Structures are given as C-alpha cells and as structure tokens.
Amino acid sequence: MEPLRIHEGLVYPLNRTNVDTDQIIPKQFLKRIERQGFGQFLFYNWRFHDDGEPREDFSLNDDKYKGASILVAGENFGCGSSREHAPWALEDYGFKVIIAPSFADIFYNNCFKNGLLPVTLNEETIQQLIKKAETERYEVTVNLEAQTVQDSEGMQESFDISSYQKEMLLNGWDEIAVTLNEADKIDQYEQNIVKY
Amino acid sequence: MDHPKTIIDKIWERHIVHQEQEKPDLLYIDLHLVHEVTSPQAFEGLRMKGRKVRRPDLTYATMDHNVPTIHRNVIKDEISKTQMETLKQNCEQFNIPLADIDHPDQGIVHVIGPQLGLTQPGKTIVCGDSHTSTHGAFGALAFGIGTSEVEHVLATQTIWQQKPKTLNVKVNGNLGKGVTAKDLILAIIAKHGVRFGTGYIIEYTGEVIRNLSMEGRMTICNMSIEAGARAGLISPDDTTIEYLRGKRHAPEGEAFDRAAEDWRSLATDEGAAYDATVEINAEEIEPQVSWGTNPSMCIPVSESVPDPENAATVNEKQAIERALDYMGLEPNQPISSVEIEHVFIGSCTNSRLSDLQRAAEIVRGKKVKDSVRAMVVPGSHNVKEAAEKEGLDVIFKQAGFEWRAAGCSMCLAMNDDVVPPGERCASTSNRNFEGRQGNGARTHLVSPEMAAAAAIEGRFTDVRQMGSAVLS
Ligand code: SF4
C-alpha cells in the first residue's frame, strides 16, 4: 500500500447524505475477482445512462472536476454493504481523500486498507467546502501528519483520527505482517481456549 | 460478584489476544464465514504473499449471492460463473469446508450458520458481509468486515478492533397481532434513523425480545447494520439453548450441558451499565412499509408518504424529494394506494421456515393478483426441504407464486432475479437503496405477512384486515 502523508488536490463536491456503497459501486460489478479496475464503474448508475452514455445531470461528469482527488460529501458516507469494492473504485478512479461529517463504520475501516484517507469535519465546514467547490475550481491540502485540511485562503480545520490508523496510512503498512509479529500471542491464546 | 457487565464486555474480554495503549485490541475470531463475492481478492492476496489460512477448521464457505434460483446449473453470466468456480478452487487449495451450489447445506450464509449450529453464544463471528450482525441473535459478537479484513482473518484468525460503545435498545410491552419482528426493527430505524447505531454495538433487551423466537431475533439483529451499528446482539436464554440443542455443530451430551451453563453466564448482568439506552414501546407499532430509499424511510401501513414541505431541515427536504422522485411517489399519498408489480419473499432477513409458514397462511387458498409476479426464495436448501415437507411449496404455487431454490436472489439481484426499471417490489429483504433490486427498481421493505398480502391485493394492505385468524 502507498503511504499517504500530505495530499493536495481538486475537490469534487457530492452534496448528498447517506451515500451507500450500492451507489458507489453497483452490484453488477462485484462479480470480478480482481482488485483493480473498478474506477470505471464508480457511481455507475448516477454517472451513466442504461446505454452507457454519460449523464449530463451528474456533476462528476463535468469537465471542471476532471482530475479531482478529494471527495466531499454529506453525512453517513459509505453506509450499507461491506463491499470493499467501494474504496477500490474510489481509489482507482483517483480519489485519495474523502471528507464527510460522518462515515459508516465498515467503509471507514476499509479505506485505511487501501491508502484512502477518510476525514471527518463538522457539517458547517463541509457545507462551505461544497459551496466553494460547486462554484469555482477549489483545491485543498490535507496533511495527515498534522491532521489538518487547509486552503490557500486561510481556511484551516483539524481532524481527529486514531493514532493506529494514522500510522498505518503514513507508513503504508501491511497489517497482516504487523499482526504476524504477534504470532506467539495468537498461539498462546489458542492453547488456552476452553473446550466444552 | 464483580461489577455487573454486559454480554458485550464479557465476550470482548474473552477474545483479547493482545492489548496495548493507543492501539485497537487484537481479537480472536471463533468463526469466519466466507462467500463468493467478497473473498476472491483475499485469497489472491494470500497467494501473492505465500501465506496460509491459519484455521481452515474455523472457516466455513458457501455460495449464495450469485447463484441461480432456477436451473441451478445454468449460469449464463460468465463472470458469475468464474467467481463461483474461484471460490471452489480457493476452498480446495486452502482446505476450507464449502457448501457449494449442489450441497445439501447450501444457502444464504446468515441462514446456514445458525441452522448448522456453527453460530453459538459467546463466539466472535465475522464474514465479508454487513449482515453478519444476524448471528448476534444467539448472543454472539458478529460483524461484517471488508475483503482486506477477510484476508487478515484468513491469515491470522484475528482482527484489530477498537471497542465500540454499548447501546441498549429496550423494547417494552407486547407486539400486536400481525406485527412482526420485521415491523419492530423497521419502526425502530424509522424512529431513530440510519445512523443512530454508528459507533455502537446494540444489545436488544426487554420483554418483547425475550418473547421472540430465534428466527424473529435473527430478523432484528440482521438489520442492526441498517441502523449503522457495528453489531447487534441478544443475551442467550432458554430459547437460544433449545434452538441449538441437537444442531449438527453444537456440542453433544454432557458437553452441551456445560456449554449451556457457560452460555447462560454470558447474559448481561442485572444492573450492568450501557453507554446509551433507547426505549421503544412495542404497543405503538403497526405493520410497516418503507416508502423511500433507505430503511429509515418507513411508515405504518395506515399512513401516507411524507411531504418534503414538512421536513425539519433543508438536507432532509432534499433527501425526501430525491427519494420520492426515485420511487415515483407523490407527497401525502396513502401508502396503501400504492400498487406493486413484484413480490419477493426471501433474503437473510426473512427467508427462514417460520417466515415462509406465516406468509403461506396468508396466501392459503387465495390467488396472486394477475398484475403481480411473486416469488419465494427459501434461505437455504434445508429450509426449502423443510417447507416442502409441510406442503408450503404447494400452497405458494397454487396461489401463483414461483417457488425457487435457495440464495440471495432478488435481495440484491446479482443473479437473474431482477426487478425491471421503474417497477415496484414488496420485498422482505433489508435494503431499499436505489438500484438494489435492479437498476431503477423501486423497493418497499415489508414483513413476510405484508408481502404475502400485497401479492394477493396487488397493493399494500394491512395484513391485520385479511382474516386475522391466521395471524400470530
Ligand atoms: S440475502 Fe441480501 S442482505 Fe442477505 S447476505 Fe444475501 S445479499 Fe446480503
């Protein structure tokens, strides 16, 4: 996994609440057995008509958001199904950071396994970010080390993140390797399991 | 006695392998359930790193999401076929027991775990599927995980977890006739929203929960994730223990008695403290129908679809407008005036034997409305056989229902069981998200009884007004 420390990028605003993982990546694309290549299917039913033509009424198709790497959305982002295809699709499409007032639990955890940083900011700030990004080309800098989000006009907000998850992303660690360092503890635990 | 503890604390403490400041706890996993959709990349990850499955004996796989429910062996979609074959190969390579499509134990992963007795009180259970919370009905700590975590559990039999807070959802009173566990959980989510469980593990308590059968309890715990909770569970009691007695993977003889004693000791102690509590009055609950695009958008069958003009906030107003637009509904339209084209009785929420029995009582001797296509998809092959033994298949077929083989089917429409764009389905599943049952499909979540009633009437009907003698 690629480490992530500081990321500067274009904001794409998605002013919707409760965006569920069925919307992020619809089920017809869950049949693939690979981890890569899901970006083309991101928000598929919102982005495309049935015949595969892009929908003009969905803003991600707008040229001005080409190259966006920071997604800002409403509360409870990523709710619903546990499918990790959702962060795979977001990451493969080019997003590095998702900012929302709150996230669904499984989605939030899944992000860290895929070099995607979920940032929780208050509702008011989110609405400001969304407004800006809807009206102009808006870039922000997300600094994981300092736990801040900044823009060039003096906006600066800090965010919370657990130190464990922060370390994971900063170092791009393979969590299984980390755990296998504790293998003797797992052995010991197994020896002590009580059988009925 | 030590200070009183919740079942959540007790199970958590038992499973800590490693604990350190500033880190989540490393928890041991007692049972890992695997299905074809969220596992291929995990097995591939193991292969790439040359890793093994640590405890294939604590791992159990089945095929459910993709499987056809008619013509079992005709899988038209090549990619689906590959996914199923991949699971088979992975299970062979890593020595994992698999109930594949022809196996008598095949079924929806959350139906077969309990049915085989793999699901037991006090266990930590994970699966790459958000509805793993279902197994909490037995007093197990069960939660959904992503594919990277599936790989992690395969390799290490453990998972890193920050301990969530505890939430007591206490249900007082009694459920009325014709009001089911499904109506109860829908009403709870309608009242408190799709986020009220976020950051929590829910324990469901109170008289109503105690009086529910195991199957009703599974329906409740199943939908914990729709409230955003990490998990939902119910302290084990006699109902739990009697359900497990004699199940294939449950302990036998004296070992069962020892297990039962231990299971009872896991129940939340009198006076244990929770981080939060909400109380629900069951007497107020009516049969529910969802009208929108998330499970909190739900109303009693006697009520009308909301008016965005009455929304409390701008966000809520927009959400209601979007949902009404997608669902093709008008503000203030009585939900009982809404006509449907499809009925789906199935899914890990409501596809167990008692669900089918109750639905069959409603349809017995009646006919599905001409304009409706209705199907029953049992949750497992075992449920299907048990239902056929009682002649439920005949009742459904005579009424005009299709009687299918087990799988997830129209719950997520990954196989051929799809609701066409713009059409409406009364569904006993758990999610009414946009496109869930097919692109443009409109899902209304209901209980099995309400789905059966809708099939007969062609629109939503209060099941309590349909010859109440058969209602439990
Ligand atoms: S029945 Fe539906 S909700 Fe349950 S596991 Fe299958 S797809 Fe998921």
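For clarity, every value in this text was computed on a predicted model and none was experimentally measured. (Residues numbered from 1 in each chain as written. Chains lettered and ligands numbered in written order. Predicted model: local features only at pLDDT ≥ 70, side-chain atom pairs only at ≥ 80, totals over all residues. Heavy atoms only, no water.)

S.K.: Give me the overall build of chain B: which residues, what numbers.
M.R.: When you go through chain B residue by residue, the secondary structure sums to 15 helices and 19 strands. A compact globule built from 472 residues should have a C-alpha radius of gyration of about 23 Å, and chain B, at 22 Å, falls within 12% of that. Its C-alpha atoms give chain B principal-axis dimensions of about 55 × 55 × 50 Å. Taking all 472 residues of chain B together, the buried fraction comes to 67%. If you take every contact in chain B between residues at least 6 apart in sequence, the share linking residues at least 24 apart comes to 76%. Positive and negative side-chain charges in chain B, numbering 49 and 65 respectively, have mean positions lying 2 Å apart. (Helix = DSSP H or I, 4+ residues; strand = E, 2+ residues; numbered from the N terminus. Rg over C-alpha atoms; globule rule 2.2 N^0.38 Å. Buried < 20%, exposed > 50% of the residue type's maximum accessible area, 1.4 Å probe, protein only. Contact = heavy atoms within 4.5 Å. Lys, Arg positive; Asp, Glu negative; His and termini not counted. Charge placed at Lys NZ, Arg CZ, Asp CG, Glu CD.)

S.K.: Break down the interface of chain B and chain A for me, with residues and values.
M.R.: Facing the 65 residues of chain B at the interface are 53 residues of chain A. Taken over both partners, the interface formed by chain B and chain A buries close to 5,100 Å², and the fraction arising from carbon and sulfur atoms is 52%. Area buried by chain B at its contact with chain A is led by Gln41, Arg54 and Arg195 of chain B, which between them contribute 12% of it. Scanning the region where chain B abuts chain A turns up 11 salt bridges. (Buried area = accessible area lost by both parts, 1.4 Å probe. Salt bridge = Lys/Arg side-chain N within 4 Å of Asp/Glu carboxyl O.)

S.K.: Give me the lowdown on unusual backbone geometry, citing residues and values where you can.
M.R.: Positive phi is not limited to glycine here, since Asn18 of chain A has a value of about 50 degrees. Structurally, Asn18 of chain A can be placed in the loop between β1 (6–14) and α1 (21–24). On the basis of relative accessible area, Asn18 of chain A is assigned to the buried category, the value being 18%. One non-glycine residue, Ala413 of chain B, lies in the positive phi region at around 55 degrees. Positionally, Ala413 of chain B belongs in the loop between β17 (402–403) and β18 (424–427). The buried category is assigned to Ala413 of chain B, whose relative accessible area is 7%.

S.K.: For the site of the ligand, give the residues involved together with the corresponding values.
M.R.: Close contacts around the ligand come from His65, Ile108, His110, Asp129, His131, Ser347, Cys348, Cys408, Cys411, Leu412, Asn430 and Arg436 of chain B, and that covers them all. Of the residues belonging to the shell around the ligand, the class tally is five nonpolar, five polar and two charged. (Near = heavy atom within 4 Å. Nonpolar A, V, L, I, M, F, W, Y, C, P; charged D, E, K, R; others polar.)

S.K.: Tell me what's going on with the pattern of salt bridges, and back it up with residues and numbers.
M.R.: According to the stated counting rule, one finds 47 salt bridges over all chains in the structure shown. With its nearest N and O atoms 2.7 Å apart, the salt bridge here joins Glu175 of chain A to Lys113 of chain A. Separated by 62 residues along the polypeptide, Glu175 of chain A in helix α7 (residues 175–180) and Lys113 of chain A in the loop between α4 (105–112) and β4 (117–120) bring together distant segments of the chain. According to the relative accessible area criterion, Glu175 of chain A is buried, its value standing at 12%. If you follow the salt bridges from partner to partner, you end up with Asp187 and Glu190 of chain A together with Arg54, Arg55 and Asp57 of chain B in one network.

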